[in-house]
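Listed below are the residues making up each chain.
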Number of protein chains: 6
Amino acid sequence: MSDTFFQPVSGFDLPRFAGVATFMRLPYVALDDPKVSDVQVGLIGVPWDSGTTNRPGPRHGPRQLRDMSTMMRAQNGATGVRPFELINCADLGDVAPNPADLMQTMSRVTSFYEEVKAKGIRPLTAGGDHLTSLPVLRALAKDAPVSMIHFDSHTDLFDSYFGGTKYTHGTPFRRAVEENLLDPKKVVQIGIRGTTYDNEDRDFADAVGIRVIPIEEFHARGVDSVMEEACEIVGETDTYISYDIDFVDPTFAPGTGTPEIGGPNSYQAIQVVRALEKVNIIGADLVEVSPPFDQSGNTAFLGASIMFELLCVMASGPNAHSSD
Amino acid sequence: MSDTFFQPVSGFDLPRFAGVATFMRLPYVALDDPKVSDVQVGLIGVPWDSGTTNRPGPRHGPRQLRDMSTMMRAQNGATGVRPFELINCADLGDVAPNPADLMQTMSRVTSFYEEVKAKGIRPLTAGGDHLTSLPVLRALAKDAPVSMIHFDSHTDLFDSYFGGTKYTHGTPFRRAVEENLLDPKKVVQIGIRGTTYDNEDRDFADAVGIRVIPIEEFHARGVDSVMEEACEIVGETDTYISYDIDFVDPTFAPGTGTPEIGGPNSYQAIQVVRALEKVNIIGADLVEVSPPFDQSGNTAFLGASIMFELLCVMASGPNAHSSD
Amino acid sequence: MSDTFFQPVSGFDLPRFAGVATFMRLPYVALDDPKVSDVQVGLIGVPWDSGTTNRPGPRHGPRQLRDMSTMMRAQNGATGVRPFELINCADLGDVAPNPADLMQTMSRVTSFYEEVKAKGIRPLTAGGDHLTSLPVLRALAKDAPVSMIHFDSHTDLFDSYFGGTKYTHGTPFRRAVEENLLDPKKVVQIGIRGTTYDNEDRDFADAVGIRVIPIEEFHARGVDSVMEEACEIVGETDTYISYDIDFVDPTFAPGTGTPEIGGPNSYQAIQVVRALEKVNIIGADLVEVSPPFDQSGNTAFLGASIMFELLCVMASGPNAHSSD
Amino acid sequence: MSDTFFQPVSGFDLPRFAGVATFMRLPYVALDDPKVSDVQVGLIGVPWDSGTTNRPGPRHGPRQLRDMSTMMRAQNGATGVRPFELINCADLGDVAPNPADLMQTMSRVTSFYEEVKAKGIRPLTAGGDHLTSLPVLRALAKDAPVSMIHFDSHTDLFDSYFGGTKYTHGTPFRRAVEENLLDPKKVVQIGIRGTTYDNEDRDFADAVGIRVIPIEEFHARGVDSVMEEACEIVGETDTYISYDIDFVDPTFAPGTGTPEIGGPNSYQAIQVVRALEKVNIIGADLVEVSPPFDQSGNTAFLGASIMFELLCVMASGPNAHSSD
Amino acid sequence: MSDTFFQPVSGFDLPRFAGVATFMRLPYVALDDPKVSDVQVGLIGVPWDSGTTNRPGPRHGPRQLRDMSTMMRAQNGATGVRPFELINCADLGDVAPNPADLMQTMSRVTSFYEEVKAKGIRPLTAGGDHLTSLPVLRALAKDAPVSMIHFDSHTDLFDSYFGGTKYTHGTPFRRAVEENLLDPKKVVQIGIRGTTYDNEDRDFADAVGIRVIPIEEFHARGVDSVMEEACEIVGETDTYISYDIDFVDPTFAPGTGTPEIGGPNSYQAIQVVRALEKVNIIGADLVEVSPPFDQSGNTAFLGASIMFELLCVMASGPNAHSSD
Amino acid sequence: MSDTFFQPVSGFDLPRFAGVATFMRLPYVALDDPKVSDVQVGLIGVPWDSGTTNRPGPRHGPRQLRDMSTMMRAQNGATGVRPFELINCADLGDVAPNPADLMQTMSRVTSFYEEVKAKGIRPLTAGGDHLTSLPVLRALAKDAPVSMIHFDSHTDLFDSYFGGTKYTHGTPFRRAVEENLLDPKKVVQIGIRGTTYDNEDRDFADAVGIRVIPIEEFHARGVDSVMEEACEIVGETDTYISYDIDFVDPTFAPGTGTPEIGGPNSYQAIQVVRALEKVNIIGADLVEVSPPFDQSGNTAFLGASIMFELLCVMASGPNAHSSD
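A brief look at the structure comes next. (Residues numbered from 1 in each chain as written. Chains lettered and ligands numbered in written order. Predicted model: local features only at pLDDT ≥ 70, side-chain atom pairs only at ≥ 80, totals over all residues. Heavy atoms only, no water.)

1. Focus on the relation of the copies chain D and chain F
Superposing chain D onto chain F takes a rotation of 120 degrees plus a shift of 0.0 Å along the axis, which leaves an RMSD of 0.0 Å. Considering both components of the superposition, the chain copies are consistent with a three-fold axis. Rotation axis and chain D: the residue whose C-alpha lies nearest the axis is T251(D), separated from it by 4.1 Å. The overlap is low: 10% of the interface residues of chain D also sit at the interface in chain F, so different surfaces are used on the two sides. (Least-squares fit on C-alpha atoms with pLDDT ≥ 70 in both. Contact = heavy atoms within 4.5 Å.)

Here it is in structure tokens:
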């Protein structure tokens, strides 16, 4: 069992609405705290939305995700996994963004995650908009490209926006492929839908070998079949999981900036994560939760539930003790 | 046909947004009103949430459920049942709670329902949190334990909270089994899910013979199969129906204190009730509707729709005229 | 390809949250503008709710639908259709209602649509409550009755409300049949559900030959089977599509005045439209979006998405160039 | 002291959030109930908004005002008046409107109030939009014109809307003067402000002798000075009080259809009513509360507080026992 | 200057929407942390509302107050006080309540504050409902009764509720006087208003010598005059400040359970605190912030601003270094 | 009288909730439209918030301000000014921002306004965050520094944020002084308040001669006295008016990113504008309206009312026909 220091506060000791809100009620451990050397999975916030080309707000995501994550209890009711007993988890705080300087913030994110990686900690990130994934991958995949399972309603594979802008939340994985951070043949994107400007992104995916599973195929085949294929694509390679909350239908997750109707429901939203139990997860993110568009807090509650499911497969999966 | 006194106000006489809001636009009949002797099903509010260990609000449930219930019309569109013509229904008002004294309120609830039972009225209750079911069962099952079909995302079978507190909304059915109010072999709990503290509740269920159908099984088997089993378990015995609104997915029912994602949709929410047509229902409740977390009123609208479906099976089922 | 004048503003030129909000970011072309002669499909608002017998608000529908429709991009992600390149589309503005004079407003609507029809423009209407469809049909079906595929949770076939009121949002299609605007044998109504006053509407449907597919049948058979039948019923005749947003489950579309639980989800909401690709559509409407009950704007976003899907089948279907 | 039958339910017996919501927790007494002969002030709802030319919703006003009025207790904290002990008050229910027939509803309102007047009951009305005041005055001032103190941001003295429509919420008092229901020399309008179409209303006021006190004068002189003049204008004549909630600044009362910024605050909102203690009030209304634009319920809470203050001056004023 | 350890995180280092939310962005220091010995003012949450007899929710107050308090910067713009440089401040966390056991929670609160007092820390409390003040005073005034300046719309001096319940949020200061925790001759209550059940509370105040300043007097005299008197009443004695957010007008502070209209605006809300600069403050609380009724978060923002002002007078006032 | 082309649509012709929403229901005239040569005051949106260091959202300001501005009628009720008859006004549309490139957007804004200025049009801008004012001033004050009356709770005079970032919404007027766009001796800032980091901004103001009137002085002196001084400071020089909506108390204007409590009410918010009637206004802006934090739309309604008042003083003031 993991260190007792790293156990979340129990709702029987302090009700879940009480106390300072950290991710999952875990201890907050700063990167310069000696206890950080014992951390195996670090929950990190990136409160930043400078890459957002449409409705803003994900800079407020980490705060609200922390708040709603205090509703999570110790055990996964479906799988029985008790993640906090399997590995040492901690809230590592937020990367400090500069909301008025996109490039500087990207550098700060990469630096933070390089340090995290150097300490042998696998990161579970709460975004932030989807551009967040790029500076994270620059740290995690610095040495070699990684595989990726990507849940989203958008491919985020566009070349540029507004006539030449290369860094937006619609372009991170184009950049990641170009920068050799992702092995495109081991990338699968699930849930793609909505109106589009053109087919530039899909043409690029085809050209480099990224597997795109649009929502129509997802609904027709079902979670089991789709996830079986996704897991086969990445196999036993080091894999990054990127989960955009707009993968889920906007009725279930209204608090996001670029919703597209017709997506999965909340049960499918977590079933796809549970299917990752055999994947070698080196890191994961949950991005694009936008509290200003989430009046009830339900999107953040769903997001926190997804983060808990991601934590469970990171804690029990094949990569759980890779850095011990 | 039932007494014309007991007919709800028609939306063609007075639009549904108009008039004093009683349950289903039925006449309000106090327990000391002579007309009460003709009532067969009584709709009762228990505006109380002292058993709530998480987010409060169900004390406001009856008021908002009355408001939204005025949207119900005379006939069930799917089954054709016209409940108000089959039996005499009335709004019996609210049990007066003491929000600052849990034990006193439990006594008041039991006393109220003992009087209801003595008058041969079957109760359909609008909670209130789930602790409400315990004092109700103390009145209804005083003479002999009853069966129960229970829709919920939680078992509510824990022994105690906060290191020894026996009466909370997480413990009513543990108490009810201990007090011999429920026959555990004829209890089925449907929809259980979410993170948990531990397995204490499930171990207790196993030990006493309660059948628990988790949400994964529910989704895999479907409504028809699950409800067929549930009805077989209770058979022709006297059965109480307890419906926690958090059985339904929180996107469909956000107005509740302890939501768990991944639940049934609104169609399944009413299909499970329609499947009860052969059950000997001695009473039913719809609990945990929390208006402060239901900004749009949609949860109460769903709750009122479920109450109407419960009323239809109570009016047309085998127990409809048992107390005539 | 269509006239460049009629291309919507691209989100890459002007972000989608920017600019004056017209339907789909199309040019606004008044009926007296010379450019109107080139328009093939006109998007028209009818900001009116005098026929509403329950909760009001659809008068605000066109404004909010315009706002959310700016989220639509150039291409249908699922079908690949690029409607604005296939036909000339424009925002024709709103019909001016008189909120305090129901009969006068009906006349104004009919006059407006007669002019639209005379110019060879097929209308795609944003209501407005469902009474809107009647004055529209009076213009479009003046010469001969048309067929109709109607998505709704209500039949809107009642004779009168409140003891004799003939023109409400619950009666338009009874009037339309009586006025010989609809061929009842070529009318199909899909999604009917909810509590009812009585069976008067269904008896009328049976008597005149309207096919009613209640939601229970819809859920049992699925979209493909139901829509195959619907398309067979109308065949190659001139067909009007009337889409009441309350067809969709109220969790997905809370912003409406007369919700009924248990309806289709957002994916089914657009799948039924995509199935119309072979229908000769002479006009369509999307009605009963009520912004005051749509605090998040999600209903209008869903409504705008449905309007885009309707536009796609109107642009690519057999009737696309009928008036060229 | 008044009849114990007419005492509101105490919050110490049944908490204020509990029970069926009637106005001020008073007994509901229908017009055909024998108890009605003992009623001195009747609280009546007119759930109707067909005269609304802008944003709709006041049809929902009575329901929400009843709900929030349950927060009122027995005694006025500032003046010490205990209205329910001074006179017999009751909730007389709602006038049944026909939302789709403006003229018919006006007739129904007048008939209802004629009966109320015939029974010697002074009405305190919860609207409804401001057109409501006209059919009420037709009953109350049938025999002779009355005086009026009118709180509003609009004069409601326009001749017609939309090129000839005579009955809207912008025209009731023009009609009332024309119909000799009001003595214009004994009418004062307080709080007038906002943008206007033209000066037609003000010219009419000048022509017939209505005193208009615009908000600039109100803020410059203060409540005491303005109300002293107002009371002098009506003197000891029979006076109707008409209170449009949009008199109050829209930050304090957002739930209304035609807000105008720069109005009185909530303290001034009740001070103006307290100043009416010497006025012979024959009836009063509080109109234009629109719940769909009042997400928090605060407007209805303010409205219920104003109704309570009106009741206090009706109960303690010179006209209190005029009909005994 | 104070210890650098106790400086809040600057918004220039980490934007104010980022990071784990503690009170004022101060370090979280548990009572068993060695650093606690250096704390001079401790900010403490009491997430509890079991004494609430009306609308619930203050249990969520501390969480939301922490969230909004991160908007506070280092310096008081009006007075120039930089509290964090004058004294060592820290977030001491929340007292763990038992939501289902009122008496047990009161004991826990008193124990926590006894420890705080023993360590020479002056507490600034974020409630919780107003019953919170009683167990706090039991710790702070254990040795001798203290003075109190109390901002509220209610006196909270009632003897009991619901026929005998002694511990509710309407009774704390009756108990405190009875228990000799308050010197009633040195207690002043400011802002009292609203409807009342009777005069029992005011009679008690008169009998024991509590000075009550109703809102009418407050508005007539103004902040300066009222506060001069209040400060004279307490003089140089040890004084507790109790600030119920419902002192402020509910338009400015809607997120509370028992609002009363006609109160002070937000400028007056902070001016009354700034007037306390000469008072020997031994502790203070801000109670009754109820997030479920505060959809926009503005009440908590106002509440956090009031807490900051309280902190400034505690840091710069005569008692600032009393425990050094 | 002005050109009939430039008259807004009347609410009597088309109700104010109807039609495509342009500013004040004016015609939309693009910069390349020949009609632009007749425009005297142009209403322009700058949907941009890249300078926002705290809560985002002003990019949505112009859309919502257009929507609510349709509530404005033809005449100022207080001053009698009918702006649209005095000068030709038009909606010039939005400047196209690049949300992911701050510097590029600043260039685009300046270019747009240079063209506006070259055509002799005075701009009335709807922001956008406060950084918007800088690129606007770069166009308007290119030839010579201008005077400014600035309503705000912040000085926006800081040198840099986040350790060196020069362009944020907290720095525009520091830059404008440095770039010689403003004559600091003829700049007055009114309403300054809230917590601060330090006094750097105030020290700079003192050093260059900017007059800062903090809110305490504003409340003590009143609108008339403060505005008299402000108008004297700018005299007859060319003056820019910059109005940050957070000047107003956040209860009246919650929809903004950096609220500070204790500000003016809505009456004072417009009185300060009416006092500008003698000022030579060369342009004006209303910035920082953030719809995601303005759930009710009341902030935008207040903002639109302020824009109307600004338009009235621009239309009737000494500079009204300066470019004729």
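2. With respect to the interface of chain B and chain A
Listed by partner, the interface residues are 29 residues for chain B and 28 residues for chain A. Buried area between chain B and chain A, both sides added, is near 2,400 Å², and the carbon and sulfur share of it is 58%. By the criterion of area lost to chain A, the three top residues of chain B are T195(B), Y197(B) and I261(B), representing 32% of everything that side buries. Where chain B packs against chain A, one counts two salt bridges. The residue R73(A) makes a salt bridge to E260(B) at a minimum N-O spacing of 3.0 Å. Taken together, the links from chain B to chain A amount to 11 residue pairs in polar contact (both at pLDDT 80 or more). Counted by class, the side of chain B that touches chain A contains nine nonpolar, 15 polar and five charged residues. (Buried area = accessible area lost by both parts, 1.4 Å probe. Salt bridge = Lys/Arg side-chain N within 4 Å of Asp/Glu carboxyl O. Polar contact = N/O pair within 3.5 Å; in protein donor to acceptor, adjacent residues only side chain to side chain. Nonpolar A, V, L, I, M, F, W, Y, C, P; charged D, E, K, R; others polar.)

3. Re the relation of the copies chain B and chain A
Aligned on chain A, chain B shows an RMSD of 0.0 Å; the corresponding rotation is 120 degrees and the shift along the axis is 0.0 Å. Of the residues that chain B buries at the interface, just 10% are likewise interface residues in chain A, meaning the two copies contact each other through different surfaces.

4. Quick notes on the interface of chain D and chain F
The partner chain F presents 27 residues to the 29 residues of chain D that form the contact. Note on chain D versus chain F: buried area summed over both sides is about 2,400 Å², and carbon and sulfur give 58% of it. When the area that chain D buries against chain F is broken down by residue, the three leading residues are T195(D), Y197(D) and I261(D), summing to 33%. At the boundary of chain D with chain F, the tally comes to two salt bridges. Here R274(F) and E216(D) are joined by a salt bridge, their closest N and O atoms 3.4 Å apart. Applying the counting criterion to the chain D and chain F interface returns 11 residue pairs in polar contact (both at pLDDT 80 or more). For the side of chain D that touches chain F, a count of residues per class yields nine nonpolar, 15 polar and five charged.

5. Some words on the packing of aromatic side chains
With the rule as written, the count across this model stands at 78 aromatic pairs over all chains. With 4.7 Å between their ring centres and 65 degrees between their planes, F12(E) and Y161(F) make a pair best called edge-to-face. You can see F12(E) sitting in the segment before β1 (41-46) and its partner Y161(F) sitting in the loop between β4 (146-151) and α5 (172-178), one on each of two chains. Ring pairing ties together the aromatic residues F12(A), F158(B), Y161(B), F162(B) and Y197(B), which thus form one cluster. The cationic tip of K35(A) hangs over the ring face of F5(A); the distance from NZ or CZ to the ring centre is 4.2 Å. The ring of Y197(F) carries the charged tip of R73(E) above its face, separated from the ring centre by 5.7 Å. (Phe/Tyr/Trp six-rings, centres within 6.5 Å; stacked < 30°, edge-to-face > 60°. Helix = DSSP H or I, 4+ residues; strand = E, 2+ residues; numbered from the N terminus. Lys NZ or Arg CZ within 6 Å of the ring centre and 35° of its normal.)

6. Notes on the side chain of T171(B)
All names here are of chain B. With respect to the helices and strands, the residue T171 is situated in the loop between β4 (146-151) and α5 (172-178). We classify T171 as buried; its relative accessible area is 0%. Setting aside residues up to four positions removed in sequence, T171 forms contacts with D156, F158, D159, S160, Y161 and K166. (Buried < 20%, exposed > 50% of the residue type's maximum accessible area, 1.4 Å probe, protein only.)

7. Notes on unusual backbone geometry
Geometrically, the link from G127(A) to G128(A) is a cis peptide bond, its omega value of 5 degrees lying close to zero. Structurally, G128(A) can be placed in the loop between β3 (122-126) and α4 (133-140). A positive phi is found at M24(A), a non-glycine position, where the angle reads about 60 degrees. Unusually for a residue other than glycine, N180(C) sits at a positive phi of about 65 degrees. Topologically, N180(C) is positioned in the loop between α5 (172-178) and β5 (182-192).

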